[in-house]
Amino acid sequence: MAGADSDDSLYPIAVLIDELRNEDVQLRLNSIKKLSTIALALGVERTRTELLPFLTDTIYDEDEVLLALAEQLGNFTMLVGGPEYVHCLLPPLESLATVEETVVRDKAVESLRKISHEHSPVDLEVHFEPLVKRLASGDWFTSRTSACGLFSVCYPRVSSTVKAEIRQHFRTLCSDDTPMVRRAAASKLGEFAKVLELEYVKSDIISLFTALASDEQDSVRLLAVEAGVSIATLLPQEDLEALVMPTLRQAAEDKSWRVRYMVADKFSDLQKAVGPEITKNDLVPAFQNLLKDCEAEVRAAAANKVKEFCENLPEDSRETIIMTHILPCVKELVSDTNQHVKSALASVIMGLSTILGKDNTIEHLLPLFLAQLKDECPEVRLNIISNLDCVNEVIGIRQLSQSLLPAIVELAEDAKWRVRLAIIEYMPLLAGQLGVEFFDEKLNSLCMAWLVDHVYAIREAATCNLMKLVEKFGAEWAQNTIVPKVLGMANDPNYLHRMTTLFCINALSEVCGQEITTKHMLPVVFKMSNDQVANVRFNVAKSLQKIGPVLDSNCLQTEVKPVLEKLASDQDMDVKYFAQEAITIVFCSE
C-alpha cells in the first residue's frame, strides 16, 4: 500500500466487495442498489477499470440480486464517462442476458436496448453489433432468445453490410431448433419488420411470418398472429391479399383455440390494418366464425370486439353487414351457455344502438337488452345497466323507461348485495337521464329503502347516492323530498337505522347548505345526543365535527359547544374521546 490516501480511495470498493460476498442476500441486494453511489465515489475511470470487471466476474448470484444489477446498469452511462464509454457496460449486461432466469434476461435486454441509443453509429458497429451476433449464435437457448430483442434497435443505424448480417441472424433464429427461441423471434417479428426497408419486408419477413404461423407449437403460432397485424400495417394495400391474408385466414381457423383467441383479441387492429375491402370480403366471415367458435374463451374475446368491429365497418355497407351477418350471431350469444361470453357481449352491445339508429334499436336490440337484464348472471345485468346512457341518446327516455324500468327495480331488490350496490352507483346517472319528476315517481322510494338495507356497504353507498342526487336536483328538492324522510329515521327502533340518519346528515349538510342544515338537521342531531346507545352518541360527536364548517360561528358557540361539552363528560370512553376530538377540531380551527 502506498499510504493512507490510496487506502481511503479503495475503501468503497472494498466495502462493496465485502457486502457482495456476504451470505445474507438482503445485504447483497442493498449493496447492488447502492451501485450508483459507489460508482460516484470511485469516479468514472475506476468504475470502468475496477467496478465493472468485478461485477462481470461475480455474476452467479441469486436472481433478485441479478435483476437489480441488470436494472442499475441501464442507468450507468454517465457514471462510466458518458456515451463515448458506454460500451464498457456491455460485458456485464451480456452475461446477464444469458442467465437462466427469464425476468433477469428480460431486464438485461431492456437495459441493453436503452443504452444502444447512446452508442454512436461507429461504436454500435464496433461494440454493440458483435455482442448481438455472439448472443444470436450462443450455445444456450437463453442467449439466443435475448438476441431477438436487440436486432431492431441496432438495425436502423448500421451499414448495409452489417444490416444484411443482422437479417441473416434473425432468419436463422426464426427456424431455431428450440421452441423458446422461435417464440422469442415470433414475438419480435413485428417490431423488426417496422425498421426494415419495404423490399426486405416482402422478401424476408413475409416468408418468416408464414413459417412461424404454421409452426408445430401453438405458442409460436399465436405470437405470429400479433406480428401479422403489425406487418399488415406496413404493406401497400395491393400486397396484403396475396402476402398476409392467406396466413391470417388460416390462423382464424387454427386447430388450437389459443391461436383463434389471439386472432379474436387482435381483430380490431387487424381490421384497421387491412382496410375496408378486405374487411368486407375476408374479415366479416372470419368474425362470424369466431363469434360461433366452439371454445367459450374465443367467443368471449370476439364478443368483446363486436362494437369496435361494427364501428370500423365501411359506412356505405355498415348497416347491411351488421343486420345480415353480425346481428344473427349476437342474438345467439345473448343466450350463450357461458357467462363470460354473455358478460363480454353485455359490456359492448349497447354501443350498437348508436350505430344502428332508433328504429333498428327498438325493433332488434331492445328485446336483446331486456333478455340480458333478466339474465341469471348478475354481471351481465350490470354491464347492461352501466351502458344505458348510449341507448337513451338513441331512443329517448320514455321508450327506455317503459321497457327497462321493471328490470331496474328488480335488480335494485336483488338478493345479491353486490348487484344492489352496482345499481346504487349507477342511480345518479340514471336520475340525470330520467329527470326529476320521473325519478320521484318511480325510483325515489328505492333510494330510501336502501338506507335501511341490512348490509352496511349498501347503506353507505345509499348515503353517498343521496348526496349525488342533491347535487343533481338541488337543495330545494332535497328539502321537500329527501330531508324529511331521512330525519324521520331518527326515531327508528333499530339503532343502525338511527346511525344512518347521522351518516346522511354528514353527507347532505354540505350540498344542502347552511340554512337547511341549521334549521332542519341540527335539531335532530342534538336530540340524538341523548340516545340510549353509545354508538349513536359518539356518532353525534363525529357528525357535529363534520357539519361544523357549514354552521355559522354564533350557532357553534351557543348551541353546538354545550352539546359537545356534555358528551365530553359521558360515561362511555368512546363518546368522551370523539366529543373531545370534535371540540379540539371545530373550535381550534375557528
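Naming follows an unreviewed UniProt entry, where the protein chain appears as Serine/threonine-protein phosphatase 2A 65 kDa regulatory subunit A beta isoform of Sinocyclocheilus anshuiensis. Per UniProt, the comment on the protein chain under Sequence similarities (unreviewed entry) is "Belongs to the phosphatase 2A regulatory subunit A family."

This part is about the UniProt feature "domain: Phosphatase 2A Regulatory Subunit A helical" (unreviewed entry) in the protein chain. Summarizing the sequence annotation, UniProt attributes the feature "domain: Phosphatase 2A Regulatory Subunit A helical" (unreviewed entry) to residues 89-270 in the numbering used throughout. Span residues 89-270 is 79% helix and 0% strand, its end C-alpha atoms 40 Å apart.

Taken as a whole and judged by the stated rule, the model has 19 salt bridges. In this structure, Lys163 and Glu197 form a salt bridge, with 3.1 Å as the shortest nitrogen-oxygen distance. Of this pair, Lys163 sits in helix H11 (residues 160-174) while Glu197 sits in the loop between helix H12 (179-195) and helix H13 (198-213), and the two are 34 residues apart along the sequence. Classification of Glu197 by relative accessible area gives partly exposed; the value is 27%.

Right, let's talk about a negative patch on the surface for a bit. Together, Glu62, Asp63, Glu64 and Glu100 make up a region of like negative charge exposed at the surface. Mapping Asp63 onto the fold places it in helix H5 (residues 63-73).

This part covers helix H22 (residues 339-346). The buried fraction of H22 is high, at six of eight residues. For H22, the complete set of buried residues consists of Val341, Lys342, Ser343, Ala344, Leu345 and Ala346. Its side-chain oxygen at 2.7 Å from the backbone nitrogen of His340, Asn338 defines the N-terminal cap of H22.

Two elements in contact, helix H30 (residues 456-473) and helix H31 (residues 475-488), have axes whose closest approach is 8 Å; the angle formed by their N-to-C orientations is 155 degrees. In terms of orientation, H30 and H31 fall into the roughly antiparallel class. The handedness of the crossing between H30 and H31 comes out as right-handed. Contact residues: H30 offers Leu466, Leu469, Val470 and Phe473, while H31 offers Ala475, Trp477, Ala478, Ile482 and Val486. Considering only residue class, the contact of H30 with H31 consists of nine nonpolar, no polar and no charged.

A separate point is helix H24 (residues 378-385). Of all eight residues making up H24, six are buried, and the element is well covered by its neighbours. Along H24, the residues that are buried comprise Pro378, Val380, Arg381, Asn383, Ile384 and Ile385.

As enumerated under the stated definition, the model contains zero disulfides in all. In this model Cys329 remains outside any disulfide bridge; the closest cysteine sulfur is found in Cys310, 10 Å from its own. Summary of cysteine pairing: Cys504 is not part of a disulfide, and the nearest cysteine sulfur, belonging to Cys464, is at 11 Å.

Let us look at the side chain of Ser543. Tracing the backbone through its elements, the reader meets Ser543 in helix H34 (residues 534-547). With residues up to four places along the chain from it excluded, the contact list for Ser543 reads Leu502, Asn506 and Val525.

Right, let's get into the packing of aromatic side chains. One pass over the full model with this rule turns up eleven aromatic pairs. Relative to Phe578, the ring of Tyr577 has its centre 5.1 Å away and its plane inclined at 75 degrees; by these criteria the two rings are edge-to-face. Note on Tyr577: relative accessible area 49%, which makes it partly exposed. Using a relative accessible area of 17% as the deciding quantity, one classes Phe578 as buried. Chaining the aromatic ring pairs together yields one cluster made of Phe151, Tyr155, Phe170 and Phe192.

Conventions adopted
Numbering of residues starts from 1 in every chain and runs along the sequence as written. The model is predicted, so local features are restricted to residues of pLDDT at least 70 and side-chain atom pairs to those at 80 or more, both for listing and for counting; the totals for chains, interfaces and linings are taken over all residues. With hydrogens and water stripped out, all remaining heavy atoms of the structure feed into the side-chain values. UniProt positions are given in the numbering used here, feature names are shortened, and annotations may be inferred rather than shown by experiment. Labels follow the DSSP assignment, with helices taken as runs of H or I lasting at least four residues and strands as runs of E lasting at least two, numbered in each case from the N terminus. Between Lys or Arg on one side and Asp or Glu on the other, a salt bridge is scored when a side-chain nitrogen of the former is within 4 Å of a carboxyl oxygen of the latter. Categorising residues by exposure relies on relative accessible area from a 1.4 Å probe, with only protein chains included: less than 20% of the type maximum marks a residue as buried, more than 50% marks it as exposed, and the intermediate range marks it as partly exposed. Like-charged residues are merged into a patch within 9 Å and nonpolar side chains (Val, Leu, Ile, Met, Phe, Trp, Tyr) within 5 Å, provided each residue has over 30% relative accessible area and no salt bridge. Note that accessible areas follow from Shrake-Rupley with a 1.4 Å probe, and for residues the cover is restricted to the protein chains shown. All tallies of charge rest on Lys and Arg as positive and Asp and Glu as negative; His and the ends of each chain are not included. Here the site of a charge means NZ on Lys, CZ on Arg, CG on Asp, or CD on Glu. Think of a polar contact as two N or O atoms within 3.5 Å of one another; within protein, one of them needs to be a possible hydrogen donor and the other a possible acceptor, and neighboring residues in sequence only count if both atoms come from side chains. Here an angle of 0 to 180 degrees is reported between the N-to-C directions of two axes, which are lines fitted to C-alpha atoms, with helices fitted over the stretch in contact. Working rule for angles: under 35 degrees goes down as roughly parallel, over 145 as roughly antiparallel, 65 to 115 as roughly perpendicular, anything else as oblique. Note: crossing handedness is left-handed where the near helix turns anticlockwise from the far helix by less than a right angle, and right-handed where it turns clockwise. For this analysis, residues touch if any pair of their heavy atoms sits within 4.5 Å. When residues are grouped by polarity, Ala, Val, Leu, Ile, Met, Phe, Trp, Tyr, Cys and Pro land in nonpolar, Asp, Glu, Lys and Arg in charged, and all others, Gly among them, in polar. Throughout, a disulfide means two cysteine sulfur atoms within 2.5 Å of one another. Ring geometry is summarised as follows: Phe, Tyr and Trp rings, the Trp one being its six-membered ring, pair when their centres sit within 6.5 Å, and such pairs are stacked at plane angles under 30 degrees, edge-to-face over 60 and tilted between the two.

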